[in-house]
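Coordinate analysis (summary)
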Amino acid sequence: MAYQVRRSARITEDLELVDENGEVRQIIHVDLDPDTIAGNVSKKYVALLEVQRKLPKLQEGLREGSGEADKVYEELGRAYFDLMEAVFGAENTVRIAEFYDGRVMEMVKELSPFLFDVVIPKLRKAAQKNRKSKVIAFGLRGF
């Protein structure tokens, strides 16, 4: 009898871009392979959280339209797009942005639940499983 090794099932999600009439215009296939994207997504997510921590300052007295407020909002937008690119890839990020036709706030409102309630938890779970497998594979074998 031969020794068998198996590949793990790929973790994938589909994001459907649905227009105002309820018609699916595009489907974005998202590969949530922790070996290839988890590290980068984690870095971009942490960077986004760091920028978000600056927002209370804005609410405590910085005026909208002030140079500092504009800088923080710009930094927040850049961090959000960086996270999108880490999850979807550059080409799909452009497709999503084009679908929303410049309506960034609507895009963020609609896309955030997918990113924060679906993608991040699935990647965390898969990364934890990978860490355990690495410990077992390398830690107990004397490597």
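Scroll up for the structure.
Summarised in this report is the structure supplied together with it.

Definitions and limits used
Residues numbered from 1 in each chain as written. Predicted model: local features only at pLDDT ≥ 70, side-chain atom pairs only at ≥ 80, totals over all residues. Heavy atoms only, no water. Helix = DSSP H or I, 4+ residues; strand = E, 2+ residues; numbered from the N terminus. Buried < 20%, exposed > 50% of the residue type's maximum accessible area, 1.4 Å probe, protein only. Contact = heavy atoms within 4.5 Å. Areas by Shrake-Rupley, 256 points an atom, 1.4 Å probe, with all protein chains shown as cover. Core = buried A, V, L, I, M, F, W, Y, C linked by side-chain atoms within 4.5 Å. Phe/Tyr/Trp six-rings, centres within 6.5 Å; stacked < 30°, edge-to-face > 60°. Pairing = 2+ DSSP bridges. Arc of directions from axis to C-beta.

Re the overall build of the protein chain
- Broken down by element type, the protein chain carries five helices and two strands.
- Counting from the amino terminus, helix and strand elements in the protein chain follow one another as β-β-α-α-α-α-α.
- Out of the 143 residues belonging to the protein chain, those deemed buried represent 29%.
- A separation of at least 24 residues holds for 56% of the contacts in the protein chain among residues at least 6 apart in sequence.
- Entry remark: accessible area of the protein chain is about 10,500 Å², with carbon and sulfur atoms responsible for 51%.

A short note on unusual backbone geometry
- Residues other than glycine seldom take positive phi values, yet D101 does so here, at roughly 50°.
- Since its relative accessible area comes to 62%, D101 is described here as exposed.

Description of the nonpolar core
- Counting 29 residues, the largest nonpolar core has F88, I96 and L111 as the members making the most contacts within it.
- If one sorts the elements of this core by residue count, helix α3 (residues 67–88) sits on top with eight residues.
- For L111, the contacting residues outside a window of four places in its chain are L15, Y80, M84, F88 and I96.

As for the packing of aromatic side chains
- With the rule as written, the count across this model stands at four aromatic pairs.
- Centroid distance F99 to Y100: 5.1 Å. Interplanar angle 90°. Geometry classified as edge-to-face. The same class applies to F99 and to Y100, which are both buried.
- Taken together, the aromatic side chains of Y45, Y80 and F116 make up a single cluster linked through ring pairs.

Description of the pairing of strand β2 (residues 24–31)
- Bridge count for strand β1 (residues 12–18) against β2 is seven bridges, and the pairing is antiparallel. Opposite L17, over in β2, you have Q26 as the bridge partner.
- In this antiparallel pair of consecutive strands, β1 and β2, the connection spans five residues, and G22 shows a positive phi of 85°.

Some words on helix α1 (residues 34–52)
- Every buried residue belonging to α1 is among P34, I37, A38, V41, Y45, L48 and V51, and all of these are buried. Angularly, the buried residues of α1 cover 155° about the axis, an arc narrow enough to put them on a single face. Facing away from the buried surface of α1 by more than 90 degrees, the exposed residues are D35 and K43.

The quantities given are spatial measurements derived from coordinates; they are silent on function.
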